[in-house]
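Topology and contacts: notes
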Amino acid sequence: MDVTGDETLAQELLKDLRATQAKLEAARDDAASLKVLLALRTHQHDLAWQNEQRLAAELAGARAREAALVAELAEAASRAADAEAVAVAEERTEAVRTVLGAVLDCIGHRALDRRRFQEIIARAGREAPDDGPGAARHAVLLAETRRVLGIAG
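Residues numbered from 1 in each chain as written. Predicted model: local features only at pLDDT ≥ 70, side-chain atom pairs only at ≥ 80, totals over all residues. Heavy atoms only, no water.

1. What to know about the environment of His138
In this fold, His138 is placed in helix 3 (residues 136-149). On the accessibility criterion, His138 (29% relative accessible area) is partly exposed. In this structure the C-alpha to C-alpha distance between His138 and Ile120, which are 18 residues apart in sequence, comes to 13 Å. Among all residues touching His138, those that are not within four sequence positions of it are Gly125, Ala128, Pro129 and Asp130. A polar contact is formed between the side chain of His138 and the backbone oxygen of Ala128, at a distance of 3.5 Å. (Helix = DSSP H or I, 4+ residues; strand = E, 2+ residues; numbered from the N terminus. Buried < 20%, exposed > 50% of the residue type's maximum accessible area, 1.4 Å probe, protein only. Contact = heavy atoms within 4.5 Å. Polar contact = N/O pair within 3.5 Å; in protein donor to acceptor, adjacent residues only side chain to side chain.)

2. With respect to the side chain of Thr145
In this fold, Thr145 is placed in helix 3. Judged by its relative accessible area of 10%, Thr145 falls in the buried class. Setting aside residues up to four positions removed in sequence, Thr145 forms contacts with Val99, Phe117, Ile121 and Val140.

3. What about a nonpolar patch on the surface?
Judged by side-chain polarity, Leu34, Leu37 and Leu40 come together as a nonpolar surface patch covering roughly 280 Å² of accessible area. By the element assignment, Leu40 lies in helix 1 (residues 5-106). For Leu40, a relative accessible area of 43% translates into the label partly exposed. (Patch = residues over 30% accessible without salt bridge, like charges linked within 9 Å, V, L, I, M, F, W, Y side chains within 5 Å. Areas by Shrake-Rupley, 256 points an atom, 1.4 Å probe, with all protein chains shown as cover. Salt bridge = Lys/Arg side-chain N within 4 Å of Asp/Glu carboxyl O.)

4. Remarks on the packing of helix 2 (residues 114-127) against helix 3
Where helix 2 contacts helix 3, the two axes come as close as 10 Å, and the packing angle between them is 170°. Regarding the angle of helix 2 to helix 3, the classification is roughly antiparallel. Between helix 2 and helix 3, the residues in contact are Arg114, Phe117, Gln118, Ile121, Ala124 and Gly125 and His138, Leu141, Thr145, Val148 and Leu149, respectively. Taken together, the residues of the contact of helix 2 with helix 3 break down into six nonpolar, four polar and one charged. (Axes fitted to C-alpha atoms, helices over the stretch in contact; angles between N-to-C directions. Parallel < 35°, antiparallel > 145°, perpendicular 65-115°, else oblique. Nonpolar A, V, L, I, M, F, W, Y, C, P; charged D, E, K, R; others polar.)

As structure tokens, then:
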């Protein structure tokens, strides 16, 4: 069988066509794989974005709760400081009352019984606490006793 030049050319073109069709099929398969991969990546991105939004909302909520707790703590500290100041003032008042009571107990017809006055004040000083708001009594007892006894200090 004799093959002419046109037939040879036709066979080569047919061969090239089949090779091109195979490449086209491979490219279509690659495109389908890439579409699946793109869809998967898009879904993963959407999930990551949703998680980011949820976490940002949780963070904002946590920061708001933290700010509320800090404000509440500051208010509690302020109330505690106020209560401490009131307690110290009450203790100082009580110390002045103690000194005045001792003066009244020790004053006679003519003068103050200094020894008895000092004993009463010393007893009050021993009974006063050494720490906390009651510790303010010591300074007041000392200052007011010096004032009553006329001691410079």
